[in-house]
Amino acid sequence: MNTIGKEYIEPKEEYYAGKIADRFIQTLAKYYRSEKVKRMFHPKMHALLKAEFIVEASLPPHLKEGIFAEGKTYDAWVRFSNAKRKATKDKKKDLRGMALKLVGVEGKKLLEKEKDANTQDFLLVTSKTLQTASVKDFQRSIEALLGGFIKLFFYAITHPAVIVRSIKMISKCSNLLETSFYSMSPYKYGEGKAVKYAAFPQKKTTSSFPKDPSDDFLKERLISDLEEQEYSFDFMVQFQTDAQKMPIENPTVKWTSPFEKVATIKIKKQVFNSKAQESYGENLSFTPWHCIEAHRPLGGANRARKTVYEAIARFRRGQNHVENLAEPKSMVSFNEVN
Ligand code: HEM
């Protein structure tokens, strides 16, 4: 019988995580021989936006944990992205990412080399679930995906459920400011409690899908919407209330407990598309392990991400000669016209 909030580590997980990292680095080295190296997934950045992360002032005791212990406003960056490996046209089905970086978060951080950083990241996507249950399964699916047509074909006929789940994860998106995002994987929420995260847009009306969409219409909509006014998302937590039906170790399973609001993400009215701000966004590193202990990432997918994101960010920044970038200590302002 599983216990709430408890992890169950499978044998050889580190080995599989290492293989995933090696495979990604080989792939990036091949893709970007002479160009600047982009992210392995989520390479297409729609925007890096300035935001405020406003923790609710009077949360009930069960929600008062970690950064949510008291009402407070943090400055934050929000990076919106398309997940596909190669930058794709926005009209295509895809998984979209919302990566949040809160700046000014006190307390020791989990990554040994960045324990004094004052950032806390939350990584969310437009799917509630991942396609594979374990790190080993994830590694197999990555080998198939990156291993050429024949490997992918044999994988598809022997693992139809993974293929179906992968297809269900992607969807069309007409406006990022009207889209819901989910963490897929679980996180600690103080001692002996686990949650998944979500961000729900406060704007309920749905933009229609453009009749003749440009390749970058999601960014164009962000530019025009945010020139006019601010937009907000409710940041939610969903507790693990049943350790068997809502497992920590299998992110293919959708949790069914209610979402509870703990904060507001307020994306300010802004002009954001300067070259300098875009380049800053490209160079930032988001990982769920930029984190305090109270919100420690849980489960195999998250444990693998510790190895993988760190290795990839190091490789990407090394190739692009920006290896000395530290986590931001404060928000930076950019000239809007450069
Ligand atoms: C389980 C839930 C997951 C979520 C919610 C998630 C979400 C994201 C997001 C939002 C980004 C873009 C971050 C940015 O804007 O910089 C990202 C990047 C990435 N993800 Fe995930 N991801 C998940 C699982 C995984 C897993 C299991 C792996 C592989 C082990 C993985 C590998 C990567 C890689 C390699 C990148 C690019 C990192 C970089 O180049 O710096 N992700 N992910």
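Our subject is the structure that appears above.
This is a predicted model, so every value here is computed, not measured. (Residues numbered from 1 in each chain as written. Predicted model: local features only at pLDDT ≥ 70, side-chain atom pairs only at ≥ 80, totals over all residues. Heavy atoms only, no water.)

1. As for the overall build of the protein chain
Our working rule: Helix and strand labels come from DSSP, where a helix needs a run of H or I of at least four residues and a strand needs a run of E of at least two; each type is numbered from the N terminus. Here the globule rule reads 2.2 Å times residues to the power 0.38, and the radius of gyration is calculated from C-alpha atoms. Accessible surface is estimated by sampling points in the Shrake-Rupley manner with a 1.4 Å probe; for residues, cover comes only from the protein chains shown. Asp and Glu count as negative and Lys and Arg as positive, but His and the ends of the chain are not part of the count. A charged residue contributes its charge at one atom only: NZ of Lys, CZ of Arg, CG of Asp or CD of Glu.
Across its full length, the protein chain holds seven helices and nine strands. Taken over the C-alpha trace, the protein chain has a radius of gyration of 19 Å; the compact-globule value for 338 residues is 20 Å, and the two agree within 12%. Projected onto its principal axes, the C-alpha coordinates of the protein chain cover approximately 50 × 50 × 45 Å. Total accessible area computed for the protein chain in this model is approximately 16000 Å², and 54% of it derives from carbon and sulfur atoms. Computed over 57 positive and 41 negative side-chain charges, the separation of the two mean positions in the protein chain equals 6 Å.

2. Regarding the coordination of the iron atom of the ligand
For the record, the criterion: Here a donor is any nitrogen, oxygen or sulfur atom (N, O, S) within 2.8 Å of the metal, with 3.2 Å used for Na, K and Ca; water is not among the atoms considered, so some sites may look incomplete.
Just one protein ligand coordinates the iron atom of the ligand, and it is Tyr309 (OH) at 1.9 Å. Here Tyr309 lies in helix α7 (residues 300-319).

3. Some points on the packing of aromatic side chains
Cut-off, in case you're wondering: Two aromatic rings, drawn from Phe, Tyr or Trp (for Trp, its six-membered ring), form a pair once their centres lie within 6.5 Å of each other, and the interplanar angle then sorts them: stacked below 30 degrees, edge-to-face above 60, tilted otherwise. Burial classes: relative accessible area under 20% of the type maximum marks a residue as buried, over 50% as exposed, and values in between as partly exposed (1.4 Å probe, protein chains only). Charge-over-ring placement is defined geometrically: NZ (Lys) or CZ (Arg) within 6 Å of the ring centre, and within 35 degrees of the ring normal.
Under the defined criterion, the tally for this structure stands at 26 aromatic pairs. Taking the centre distance of 5.1 Å and the plane angle of 65° together, the rings of Phe53 and Phe235 count as edge-to-face. Of this pair, Phe53 sits in strand β1 (residues 44-55) while Phe235 sits in strand β8 (residues 231-239), placing them 182 residues apart in sequence. Residue Phe53 is classed as buried on the basis of its relative accessible area of 1%. Ring pairing ties together the aromatic residues Phe53, Phe68, Phe122, Tyr187, Tyr189, Tyr197, Phe235 and Phe239, which thus form one cluster. The ring of Phe286 has Lys101 sitting right over it, with the charged end atom 4.8 Å from the ring centre. Sitting over the face of the ring of Phe209, Lys172 holds its NZ or CZ atom 4.8 Å from the ring centroid.

4. Observations concerning the pairing of β1
The line we're drawing: Two strands qualify as a pair provided that DSSP identifies no fewer than 2 bridges between them.
Burial of β1 is extensive: ten of the twelve residues sit out of reach of the surface. Bridge analysis of β1 against strand β2 (residues 72-82) gives eleven bridges, and the strand direction is antiparallel. Bridge assignment links Lys50 to a residue of β2, and that residue is Trp77. Note that β1 and strand β9 (residues 259-267) share five bridges and pair antiparallel. Residue pairing in the sheet places Phe53 in a bridge with Ile265 of β9.

5. Considering the site of the ligand
The condition is simple: In these notes, residues near a molecule or strand are those with any non-hydrogen atom within 4 Å of it. Two N or O atoms count as a polar contact when they lie within 3.5 Å, although within protein this holds only if one can serve as hydrogen donor and the other as acceptor, and sequence-adjacent residues are included solely when both atoms are side-chain atoms. By the convention adopted, Pro, Cys, Tyr, Trp, Phe, Met, Ile, Leu, Val and Ala count as nonpolar, Lys, Arg, Asp and Glu as charged, and the other residues, Gly among them, as polar.
Close contacts around the ligand come from 21 residues, with Arg39, Arg79, Arg305, Tyr309 and Arg316 the closest. Residue Arg79 places a side-chain N or O atom 2.6 Å away from an oxygen atom belonging to the ligand. Note that a nitrogen atom of the ligand is positioned 3.2 Å from one of the side-chain N or O atoms of Arg305. Here the element with the most residues in the shell around the ligand is α7; it accounts for six residues. Per-class residue counts for the shell around the ligand are 14 nonpolar, three polar and four charged.

6. Some details on a nonpolar patch on the surface
Note the threshold: Nonpolar side chains (Val, Leu, Ile, Met, Phe, Trp, Tyr) within 5 Å and like charges within 9 Å form the patches, drawn only from residues with over 30% relative accessible area and no salt bridge. Only one rule defines a salt bridge in this text: a Lys or Arg side-chain nitrogen within 4 Å of an Asp or Glu carboxyl oxygen.
On the surface, a cluster of nonpolar side chains totalling about 600 Å² of accessible area is made up of Phe149, Ile150, Phe153, Phe154 and Ile157. With respect to the helices and strands, Ile157 occurs in helix α3 (residues 149-158).

7. With respect to the packing of α3 against helix α4 (residues 160-169)
Threshold: Axis lines are fitted to C-alpha atoms, over the contacting stretch for helices. Their N-to-C directions set the angle, which ranges from 0 to 180 degrees. Orientation categories follow fixed angle ranges, with anything under 35 degrees roughly parallel, anything over 145 roughly antiparallel, 65 to 115 roughly perpendicular, and all other angles oblique. A contact between two residues is defined here by any heavy atoms of the two lying within 4.5 Å.
Across the interface, α3 lies against α4 with an axial gap of 5 Å and an inter-helix angle of 100°. For the element pair α3 / α4, the angle class is roughly perpendicular. Counting all contacts with α3, which are made through Tyr155, Ala156, Ile157 and Thr158, the residues of α4 involved are Pro160, Val162 and Ile163. Here the residues of the contact of α3 with α4 sort into six nonpolar, one polar and no charged.

8. Some remarks on unusual backbone geometry
Positive phi, close to 60°, is recorded for His42, a residue that is not glycine. Note on placement: His42 falls in the loop between α1 (13-31) and β1. Of note, the phi angle at Met184 is positive, near 60°, even though the residue is not glycine. Tracing the backbone shows Met184 in the loop between β5 (181-182) and β6 (187-188). Owing to a relative accessible area of 12%, Met184 belongs among the buried residues under this scheme.

9. Topic: the side chain of Ser285
When you line up the elements, Ser285 lands in the loop between α6 (275-283) and α7. Those residues in contact with Ser285 that sit more than four places away from it in its chain are Arg39, Lys101, Asp121, His290, Ala313, Arg316, Arg317 and Glu327.

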